[in-house]
Amino acid sequence: MTATESTAPAPAPAPVAGPGVQVVAALLRRGDQIVLVQEQHDGQEMWSIPGGGVERGELLGEALIREVREETGLRLATVGPLAYLVNTTTTRYPSTVVLAFDCTDWDGEIAVHDPDGKVTGAVLLPLEEARKVLGSSSASRPEIEPLLEYLAGSVAGRVWSYRDDRPAD
């Protein structure tokens, strides 16, 4: 190594002005089954777990209960423990934090009532089948990779970071 070479990592890009977004998601478990939702996003069909944006003035738990009800028709009685956190940055959303919770205390019948009209279906699937569906989903890497790793036994509470759908170092 010469005197002009450096081993220091490249600096992070300068912060970008724009909306900060908080998102909550629920991994709804029932034994060895989980609930997945089917969405339409930019003309593509994709599968993920229920969740969505936290509205102004809403607490995380309140947002999670509302999103689960809207997207699945199910009643979330208790917000479960934090499964993982995803921090992403894109041109459209320069600062997004997604908190995924592992929830087992829910009831009701699946019936989609999504006011945004993006969720077109919801199903309760055996875990192995759900993994296959998620693995072939057109959802973004930050939506799928942490979920699949968590379902495979990754440590709870892990933080995942992505810059434009690529893992950040």
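Residues numbered from 1 in each chain as written. Predicted model: local features only at pLDDT ≥ 70, side-chain atom pairs only at ≥ 80, totals over all residues. Heavy atoms only, no water.

Concerning the overall build of the protein chain
1) Next: Looking only at helices and strands, the protein chain features three helices and eleven strands.
2) Next: For the protein chain, restricting intrachain contacts to residue pairs at least 6 apart in sequence, the fraction spanning at least 24 positions comes to 66%. (Helix = DSSP H or I, 4+ residues; strand = E, 2+ residues; numbered from the N terminus. Contact = heavy atoms within 4.5 Å.)

A word on the pattern of salt bridges
1) Next: Counting across every chain of the model gives eight salt bridges.
2) Next: With a closest N to O distance of 3.4 Å, Arg 66 and Glu 70 form a salt bridge. In this pair, Arg 66 and Glu 70 are both assigned in helix H1 (residues 60–72), four residues apart and thus about one turn of the helix distant.
3) Next: The buried category is assigned to Arg 66, whose relative accessible area is 10%.
4) Next: Judged by its relative accessible area of 13%, Glu 70 is buried. (Salt bridge = Lys/Arg side-chain N within 4 Å of Asp/Glu carboxyl O. Buried < 20%, exposed > 50% of the residue type's maximum accessible area, 1.4 Å probe, protein only.)

Here's the deal with the environment of Val 97
1) Next: Along the polypeptide, Val 97 turns up in strand E7 (residues 95–103).
2) Next: The class of Val 97 is partly exposed, set by a relative accessible area of 27%.
3) Next: Apart from residues lying up to four places away in sequence, Val 97 is in contact with Val 21, Gln 22, Val 23, Leu 85, Val 86 and Asn 87.

Observations regarding the packing of aromatic side chains
1) Next: Throughout the structure, instances matching the rule amount to one aromatic pair.
2) Next: Relative to Tyr 150, the ring of Tyr 84 has its centre 5.9 Å away and its plane inclined at 50°; by these criteria the two rings are tilted. Of the two residues, Tyr 84 is situated in strand E6 (residues 82–89) and Tyr 150 in helix H3 (residues 141–151); the sequence distance between them amounts to 66 residues. There is no split in this pair, since Tyr 84 and Tyr 150 are both buried.
3) Next: Taking the ring centre of Trp 106 as reference, the NZ or CZ of Arg 30 above it sits at 3.8 Å. (Phe/Tyr/Trp six-rings, centres within 6.5 Å; stacked < 30°, edge-to-face > 60°. Lys NZ or Arg CZ within 6 Å of the ring centre and 35° of its normal.)

Topic: the nonpolar core
1) Next: Counting 25 residues, the largest nonpolar core has Leu 27, Ile 34, Leu 36, Ile 49, Tyr 84, Leu 147 and Leu 151 as the members making the most contacts within it.
2) Next: Put simply, the parts of the chain that give this core at least two residues each are strand E1 (20–30), strand E2 (33–41), strand E3 (44–48), E6, E7, helix H2 (127–135), H3 and strand E10 (158–163).
3) Next: Contacts of Leu 27, omitting those with residues within four sequence positions, involve Ile 34, Ile 49, Phe 101, Asp 102, Cys 103, Leu 147, Tyr 150 and Leu 151.
4) Next: Ala 26, Val 68, Leu 74 and Leu 76 belong to the second-largest nonpolar core, a separate cluster that totals 15 residues. (Core = buried A, V, L, I, M, F, W, Y, C linked by side-chain atoms within 4.5 Å.)

Notes on the packing of H2 against H3
In helix packing, the relevant descriptors are the interaxial angle and the interaxial distance, both defined with respect to the helix axes.
1) Next: Two numbers describe how H2 lies on H3: the axes approach to 10 Å, and their chain directions differ by 155°. Overall, the two elements H2 and H3 adopt an arrangement that is roughly antiparallel. Of the two possible hands of crossing, H2 and H3 adopt the one that is left-handed. On H3, the residues that touch Leu 127, Arg 131, Leu 134 and Gly 135 of H2 are Ile 144, Leu 147, Leu 148 and Leu 151.
2) Next: Looking at the contact of H2 with H3, its residues break down into six nonpolar, one polar and one charged. (Axes fitted to C-alpha atoms, helices over the stretch in contact; angles between N-to-C directions. Parallel < 35°, antiparallel > 145°, perpendicular 65-115°, else oblique. Left-handed = near helix turned anticlockwise from the far one by under 90°. Nonpolar A, V, L, I, M, F, W, Y, C, P; charged D, E, K, R; others polar.)

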